[in-house]
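Take a look at the letters that make up each chain.
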Amino acid sequence: MRRSHLLAAALVTASVGAVTLWFFDPASSGVFPACPLRYLTGLYCPGCGSLRAIHQLLHGNLAAAWAMNPLAVVLLPFLSYELASEALSVWRGRGLPQMFLPAAWIWGLCAVIVLFGVVRNLPVHPFDLLAPGAMFRP
């Protein structure tokens, strides 16, 4: 399969996903599967609440998105930029400007993601606020 076909399939999939997330709230619709880690262990993974956060972002509710998964809200613009750059590089042969990240930064990001997954499961205030939706609970 050519790279452009793969990109087109990815863009169609992302578009269908965004439209689905627009219409169906992952918190209440039952359309989306539960997190396997949460289902099996009762623990929140670093991505728990990401679908709900993206749903809230699509509806313009930044505070609710932040309450669901602050790490996803922070990382989503970077992921979107990279995906847009990849799409442009396939279509016009040149992507968006890229910044070189040393390997240590990438490992640091991995450590932040793992640490976020651990800290959001601590039953101690203020870390308990990192659980999806906990910032809105009384």
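Residues numbered from 1 in each chain as written. Predicted model: local features only at pLDDT ≥ 70, side-chain atom pairs only at ≥ 80, totals over all residues. Heavy atoms only, no water.

Student: How would you explain the overall build of the protein chain if you had to name every residue and give the values?
Tutor: Within the protein chain, the secondary structure is distributed over six helices and zero strands. Viewed in the frame of its principal axes, the protein chain has a C-alpha envelope of about 50 × 40 × 30 Å. Residues counted as buried form 22% of the 138 residues belonging to the protein chain. Of the contacts made within the protein chain by residues no fewer than 6 positions apart, 51% connect residues no fewer than 24 positions apart. Across the protein chain, 8 positive and 4 negative side-chain charges occur, with their mean positions spaced 5 Å apart. (Helix = DSSP H or I, 4+ residues; strand = E, 2+ residues; numbered from the N terminus. Buried < 20%, exposed > 50% of the residue type's maximum accessible area, 1.4 Å probe, protein only. Contact = heavy atoms within 4.5 Å. Lys, Arg positive; Asp, Glu negative; His and termini not counted. Charge placed at Lys NZ, Arg CZ, Asp CG, Glu CD.)

Student: For unusual backbone geometry, give the residues involved together with the corresponding values.
Tutor: With an omega of 10 degrees, the peptide bond running from His125 to Pro126 counts as cis. Here Pro126 lies in the segment after helix H6 (103–119).

Student: Quick one: what's the story with the state of the cysteines, residue by residue and with numbers?
Tutor: Following the criterion strictly, the structure yields zero disulfides and no others. The thiol of Cys45 is not disulfide-bonded; the next cysteine sulfur, from Cys48, is found 3.6 Å away. You can call Cys45 buried: its relative accessible area is 17%. With no disulfide of its own, Cys110 has Cys45 as its nearest cysteine by sulfur position, at a separation of 15 Å. (Disulfide = S-S within 2.5 Å.)

Student: I'd like to hear about the nonpolar core, residue by residue, with values.
Tutor: In terms of nonpolar packing, the biggest core is built from five residues, these being Tyr44, Cys45, Cys48, Ala131 and Ala134. Every residue in contact with Ala131, bar those within four places of it in the chain, is listed here: Tyr44, Ala67 and Arg120. (Core = buried A, V, L, I, M, F, W, Y, C linked by side-chain atoms within 4.5 Å.)

Student: For the confidence of the model for the protein chain, give the residues involved together with the corresponding values.
Tutor: Of the residues in the protein chain, 98% reach a pLDDT of 70 or more, and the chain-wide mean stands at 90. For the protein chain, the element scoring lowest by mean pLDDT is helix H1 (residues 3–23), at 86; H6 scores highest, at 96. (pLDDT = per-residue confidence, 0-100.)

Student: Any chance you could break down a nonpolar patch on the surface for me, citing the residues and the numbers?
Tutor: A cluster of nonpolar residues, Val19, Trp22, Phe23, Phe24, Val31 and Leu58, forms a patch on the protein surface that exposes about 570 Å² of accessible area. Broken down by element, the nonpolar patch gets its largest block of residues, three residues, from H1. With respect to the secondary-structure elements, Trp22 resides in helix H1. (Patch = residues over 30% accessible without salt bridge, like charges linked within 9 Å, V, L, I, M, F, W, Y side chains within 5 Å. Areas by Shrake-Rupley, 256 points an atom, 1.4 Å probe, with all protein chains shown as cover. Salt bridge = Lys/Arg side-chain N within 4 Å of Asp/Glu carboxyl O.)

Student: Could you give me a rundown of the packing of helix H5 (residues 70–92) against H6, with the residues and numbers involved?
Tutor: Helix packing geometry: the angle between the two helix axes and the distance between the axes. Contact geometry of H5 with H6 gives a least axis separation of 11 Å together with a crossing angle of 155 degrees. The orientation of H5 with respect to H6, classified from their angle, is roughly antiparallel. H5 and H6 meet at a crossing whose hand is left-handed. For the pair H5 and H6, the contacting residues are Pro70, Leu71 and Leu75 in the first and Leu109, Val112, Ile113 and Phe116 in the second. In terms of residue class, the contact of H5 with H6 is built from seven nonpolar, no polar and no charged. (Axes fitted to C-alpha atoms, helices over the stretch in contact; angles between N-to-C directions. Parallel < 35°, antiparallel > 145°, perpendicular 65-115°, else oblique. Left-handed = near helix turned anticlockwise from the far one by under 90°. Nonpolar A, V, L, I, M, F, W, Y, C, P; charged D, E, K, R; others polar.)

Student: Report on H6, specifying residues and quantitative values.
Tutor: Helix length check: H6, at 17 residues, gives a terminal C-alpha distance of 24 Å against a target of 24 Å (1.5 Å per residue), a fit within 8%. Restricting attention to buried positions, one finds in H6 the residues Phe116, Gly117 and Val119. Those residues of H6 that are buried are in contact with H5. (Expected span 1.5 Å × (residues − 1).)

Student: Tell me about the packing of H1 against helix H3 (residues 50–58), and name the residues and values.
Tutor: Where H1 contacts H3, the two axes come as close as 9 Å, and the packing angle between them is 80 degrees. The angle between H1 and H3 places the two elements in the roughly perpendicular class. Residue-level contacts link Ala18, Leu21 and Trp22 of H1 to Leu51, Ile54, His55 and Leu58 of H3. A breakdown of the residues in the contact of H1 with H3 according to their chemical character gives six nonpolar, one polar and no charged.

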